[in-house]
Amino acid sequence: MNTSFLKSSACATLIAFAALGAQAQELKIGYVNADRVLRDAAPAKAAQAKLEAEFGKREKELADMAGKLKAAGEKLDKDAPTLSESERTRRQRELVEQNRDFDRKRREFQEDLTQRKNEELASVVERANKVMKQIFDTEKYDLIVQEAVFAGPRIDITDKVIKALNAQSGNSK
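Residues numbered from 1 in each chain as written. Predicted model: local features only at pLDDT ≥ 70, side-chain atom pairs only at ≥ 80, totals over all residues. Heavy atoms only, no water.

A. A look at the nonpolar core. Of all hydrophobic cores here, the largest spans 13 residues; its most connected members are Val32, Val37, Ile135, Ile157, Val161 and Leu165. Contributing elements (two or more residues each) for this core: α4 (85-138) and α5 (158-172). Residue contributions to this core peak at four residues, all from α4. Beyond its immediate chain neighbours, meaning those up to four positions away, Ile157 contacts Gly30, Tyr31, Val32, Ile135, Tyr141 and Ile144. Of all hydrophobic cores here, the second largest spans 11 residues; its members include Leu51, Leu69, Leu83 and Leu113. (Core = buried A, V, L, I, M, F, W, Y, C linked by side-chain atoms within 4.5 Å. Buried < 20%, exposed > 50% of the residue type's maximum accessible area, 1.4 Å probe, protein only. Helix = DSSP H or I, 4+ residues; strand = E, 2+ residues; numbered from the N terminus. Contact = heavy atoms within 4.5 Å.)

Structure (structure tokens):
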């Protein structure tokens, strides 16, 4: 299906709904910038710090390993003219093996990091959705959206969501 058609249809439906609702009563709509919530809210920052603490050591080990591989490659290039054929071949094989090991460890690191990021992100999104639901219920919103082509500051409740998440985060510690 054409996504622009879906967006146009959704927008037309929303406008029609708004026009009908405006006749009966004022329609209360809120907009939340999800990217800002996931970047600025305390639980999101805590999740980022947790990931950095959890993966920082492995990342440093990989950086050290990359530096050693580079140095070993440069040393082999420098020493190659003076090495016997068998010694040069042996060192090249060692370097290739070390490079494979490095690539495997880097790939495993990326996979583990991606999995943990997704877990932490899901937790923050779940908490944010609960906060948005509370705001929706307590302040009697008719609609809260997270994606919009344009949203005016009058309906932007992102700061309210971030403040509620931060307050919740402060109480859970």
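B. Summary view of the packing of helix α3 (residues 42-79) against α4. Look at α3 against α4: their axes get within 10 Å of each other, and the N-to-C directions meet at 170°. It follows that α3 is roughly antiparallel to α4 by the angle criterion. A breakdown of the residues in the contact of α3 with α4 according to their chemical character gives 16 nonpolar, four polar and 17 charged. (Axes fitted to C-alpha atoms, helices over the stretch in contact; angles between N-to-C directions. Parallel < 35°, antiparallel > 145°, perpendicular 65-115°, else oblique. Nonpolar A, V, L, I, M, F, W, Y, C, P; charged D, E, K, R; others polar.)

C. Just the pattern of salt bridges, in detail. Counted under the stated rule, the structure contains 23 salt bridges. We note a salt bridge from Asp103 to Arg106, for which the minimum N-O separation is 3.3 Å. Here Arg106 and Asp103 lie together in helix α4, a separation of three residues that amounts to about one turn. A relative accessible area of 27% means that Asp103 is categorised as partly exposed. Residue Arg116 pairs with Glu120 through a salt bridge whose shortest N-O separation is 2.9 Å. With Arg116 and Glu120 both in helix α4 and four residues apart, the pair spans about one turn of that helix. One network of salt bridges, in which partners are shared, links Lys50, Glu54, Arg116, Glu119 and Glu120. (Salt bridge = Lys/Arg side-chain N within 4 Å of Asp/Glu carboxyl O.)

D. Here's a closer look at the environment of Pro153. Examined against the element boundaries, Pro153 turns out to sit in the loop between β2 (143-145) and α5. For Pro153, a relative accessible area of 76% puts it in the exposed group. For the pair formed by Pro153 and Gly30, sequence separation is 123 residues and the distance between their alpha carbons is 9.7 Å.

E. The arrangement of the packing of aromatic side chains in detail. On inspection of all chains with the given rule, the structure shows one aromatic pair. Taking the centre distance of 5.8 Å and the plane angle of 75° together, the rings of Phe55 and Phe109 count as edge-to-face. Here Phe55, found in helix α3, pairs with Phe109, found in helix α4; they are 54 residues apart in sequence, far enough to count as distant. With respect to class, Phe55 is no different from Phe109; both count as buried. Directly above the aromatic system of Tyr141 lies the positively charged group of Lys28, at a separation of 4.6 Å from the ring centroid. (Phe/Tyr/Trp six-rings, centres within 6.5 Å; stacked < 30°, edge-to-face > 60°. Lys NZ or Arg CZ within 6 Å of the ring centre and 35° of its normal.)

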